[in-house]
Amino acid sequence: MEADKGKVCVTGGTGFVASWLIMRLLRHGYFVHTTIRPDPEHEREVSFLTSLPGASEKLQIFQADLRFPESFEAAIKGCTGVFHVATPVDFENKEPQEVIIKRTIDGTLGILKACLNSKTVRRVVYTSSVSAVWFSEKDKIVDTVDESFWSDVDYMKSINYFTFGPYMISKTFTEKIALEFAEEHGLDLVTIIPSLIVGPFICPKFPSSVHISMAMILGERQQYGLLLNVSMVHTDDVARAHIFLYEYPEAKGRYICSSHTITIEDMSKFLSAKYPEFPIPTVESLKDIEGYKTPGVSSKKLLDSGFEFKYGLDEMFDEAIQCCKENGYL
Ligand SMILES: NC(=O)c1ccc[n+]([C@@H]2O[C@H](COP(=O)([O-])OP(=O)(O)OC[C@H]3O[C@@H](n4cnc5c(N)ncnc54)[C@H](OP(=O)(O)O)[C@@H]3O)[C@@H](O)[C@H]2O)c1
């Protein structure tokens, strides 16, 4: 463990990305405040957080909900950095799109206001998503997108990308509004834009992105349309990139974080060669899979800043499979 690095807040500590980030921050020597959704009966399983190395001295859990933006104030107070990772992830669309979008935006603005009021927060790292760059207007479609691209919300609605519409739209609006708010109020905020995050996890639930990435291993054909040309990044690389962007003095604006892009055909070949124990669909059987072919994404800006990815596809899938086995998902 490294020397004391100060106190930071991570929103949504029960989540896939946030829990791994907390583990990394504790290892890097940070004191961590994290938020979980209100749990007055203390029934929530959080031992995967409280049992992390260093957690008993350096991790404090607060209760906060994006529906009540002011509820994050206590967790942010006294912190020098905030990693705003929490977001409503409702791919079953149990709630109306407008509700999800409003909650994500209002909650985020509440968090940013709390950062300003704290007078201690020197930088915010907001976790966006490739949804905010992938879906350019039809006439601007290219093979690879970078941080200069913004998804077009009307276009996103028109292509009806599985059940992800409300999530993708909320991520696009929120990143834009967060950057505008920061600019207007002189708040140092950078956004990180990860692609599909694949690899190990410590949270008890099966992370949706790991689930999607393993569709061919699990034989879930209805998901194959999401894998036509998928960009991916390892869990630990995403956590390391969050910390890098928090610590890198010159960080500014948006940063795509994605290490690999692979077509569905190449994924079929890769998985069948590596894991002969699973009935991976053949390239031939994938010919009729339909879906939106997402463009590749460029992490050049992050790499040019000095960040290095540590993991490849082998580690992403080996470690995801291992965690799925340990948790009974495979
Ligand atoms: N996984 C990916 O491939 C991927 C890719 C790009 C970007 N991202 C971004 O990474 C971040 C984390 O995603 P994830 O994959 O870790 O998802 P996740 O595991 O579903 O985590 C989402 C977190 O947000 C919390 N949350 C949801 N609604 C909330 C509310 N109303 N108030 C407070 N907290 C709330 C959840 O709490 P509960 O545990 O109580 O539900 C959970 O802790 C998100 O911002 C996402 O957009 C993820």
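Keep in mind the model is a prediction, meaning the values are calculated, not measured. (Residues numbered from 1 in each chain as written. Predicted model: local features only at pLDDT ≥ 70, side-chain atom pairs only at ≥ 80, totals over all residues.)

Looking at the overall build of the protein
Within the protein one finds 14 helices and 12 strands. By the compact-globule yardstick of 20 Å for 330 residues, the protein fits well, its C-alpha radius of gyration being 19 Å. The buried share of the protein, reckoned over its 330 residues, is 44%. Taking contacts inside the protein between residues at least 6 apart in sequence as the whole, the part at least 24 apart equals 76%. (Helix = DSSP H or I, 4+ residues; strand = E, 2+ residues; numbered from the N terminus. Rg over C-alpha atoms; globule rule 2.2 N^0.38 Å. Buried ≥ 20, exposed ≤ 12 C-beta atoms within 10 Å, placed from the backbone. Contact = placed C-beta atoms within 7 Å.)

With respect to the sheet that holds strand 8 (residues 196–198)
If you walk across this open sheet you meet the 3 strands as 8-9-11, and the pairing is mixed. Looking along the sheet, the strands with just one partner apiece sit at the ends: strand 8 and strand 11 (260–263). Shown here is a sheet whose adjacent strand axes are inclined to one another by a mean of 40°, direction ignored. Inspection of the sheet shows strand 9 (residues 229–234) paired to strand 11 by 4 bridges, in the antiparallel sense. Paired with Ser231 across the two strands is Thr261, which belongs to strand 11. (Pairing = 2+ DSSP bridges. Axes fitted to C-alpha atoms, helices over the stretch in contact; angles between N-to-C directions.)

Structural notes on the sheet that holds strand 4 (residues 81–84)
Strands sit in the order 3-2-1-4-5-7-10 across an open sheet of 7 strands; the sheet is parallel. If you trace the sheet from one side to the other, it starts and ends with strand 3 (59–63) and strand 10 (253–257), each paired once. Across the sheet, the mean angle separating the axes of adjacent strands is 20° when strand polarity is ignored. The pairing of strand 5 (residues 123–127) with strand 7 (residues 189–194) spans 4 bridges and is classified as parallel. Counterpart to Val125 in the pairing with strand 7 is Val190.

Points about the site of the ligand
The immediate surroundings of the ligand are formed by 24 residues, with Gly12, Gly15, Phe16, Val17 and Ser209 found nearest. Those elements giving two or more residues to the shell around the ligand turn out to be helix 1 (16–27) and strand 8. Of the residues forming the shell around the ligand, the biggest block, 3 residues, is contributed by helix 1. In terms of residue class, the shell around the ligand is made up of 12 nonpolar, 7 polar and 5 charged. (Near = placed C-beta within 6 Å. Nonpolar A, V, L, I, M, F, W, Y, C, P; charged D, E, K, R; others polar.)

Concerning the pairing of strand 2 (residues 31–36)
For strand 2, the buried fraction is high: 6 of the 6 residues fall into the buried class. Residues Phe31, His33 and Thr35 line one face of strand 2 and the alternating positions Val32, Thr34 and Ile36 line the opposite face, and both faces are buried. Inspection of the sheet shows strand 1 (residues 7–10) paired to strand 2 by 4 bridges, in the parallel sense. Opposite Cys9, over in strand 2, you have His33 as the bridge partner. Viewed along the sheet, the connection from strand 1 through helix 1 into strand 2 turns out right-handed. Pairing geometry for strand 2 and strand 3, over 5 bridges, is parallel. Residue Val32 lies in a different strand from strand 3, and its bridge partner there is Leu59. (Right-handed = clockwise from strand over helix to strand, strands pointing away.)

As for the nonpolar core
Among the nonpolar cores identified, the biggest contains 93 residues, and Leu21, Ile22 and Val82 are the most heavily contacted of them. It is helix 1 that contributes the most residues to this core, 9 residues altogether. (Core = buried A, V, L, I, M, F, W, Y, C linked by C-beta atoms within 7 Å.)

A closer look at the packing of helix 5 (residues 97–118) against helix 8 (residues 165–185)
Following both chains from N to C, one finds helix 5 and helix 8 inclined at 25°, their axes separated by 9 Å at the closest point. Relative to helix 8, the element helix 5 lies roughly parallel. The hand of the helix 5/helix 8 crossing is right-handed. Contacts from Gln97, Ile100, Ile101, Thr104, Ile105, Thr108, Leu109, Leu112 and Leu116 in helix 5 reach Gly165, Pro166, Ile169, Ser170, Phe173, Thr174, Ile177, Ala178, Phe181, Ala182 and His185 in helix 8. (Parallel < 35°, antiparallel > 145°, perpendicular 65-115°, else oblique. Left-handed = near helix turned anticlockwise from the far one by under 90°.)

Topic: helix 12 (residues 264–274)
Along helix 12, the residues classified as buried are Ile264, Met267 and Ser268. Down the axis, helix 12 shows its buried residues gathered within 105° of arc, on one side only. Considering only its buried residues, helix 12 is in contact with helix 10 (215–218) and strand 11. (Arc of directions from axis to C-beta.)

Notes on helix 1
Look at helix 1: 17 Å from first C-alpha to last across 12 residues, which is about the 16 Å you get at 1.5 Å a residue. For helix 1, the buried fraction is high: 10 of the 12 residues fall into the buried class. Inspection of helix 1 places Phe16, Val17, Ala18, Ser19, Trp20, Leu21, Ile22, Met23, Leu25 and Leu26 among the buried residues, and these make up the whole buried set. One or two steps after helix 1, the chain reaches Gly29, where phi turns positive at roughly 100°. (Expected span 1.5 Å × (residues − 1).)

Digging into unusual backbone geometry
Its identity is not glycine, yet His42 carries a phi of approximately 55°, on the positive side. In this model, Lys119 sits at a positive phi of 65°, which is unusual for a non-glycine residue. Assignment of secondary structure puts Lys119 in the loop between helix 5 and strand 5. Judged by C-beta crowding, with 8 C-beta atoms within 10 Å, Lys119 ranks as exposed.

Observations regarding the packing of helix 1 against helix 11 (residues 235–247)
Where helix 1 meets helix 11, the axes come as close as 9 Å, and the angle between the chain directions of the two elements is 60°. As for how helix 1 packs across helix 11, the hand of that crossing is right-handed. Contacts between helix 1 and helix 11 involve Val17, Trp20, Leu21, Arg24 and Leu25 from the former and Thr235, Asp236, Val238, Ala239, Arg240, His242 and Ile243 from the latter. Class assignment of the residues belonging to the contact of helix 1 with helix 11 gives a composition of 7 nonpolar, 2 polar and 3 charged.

Structural measurements only, silent on function.
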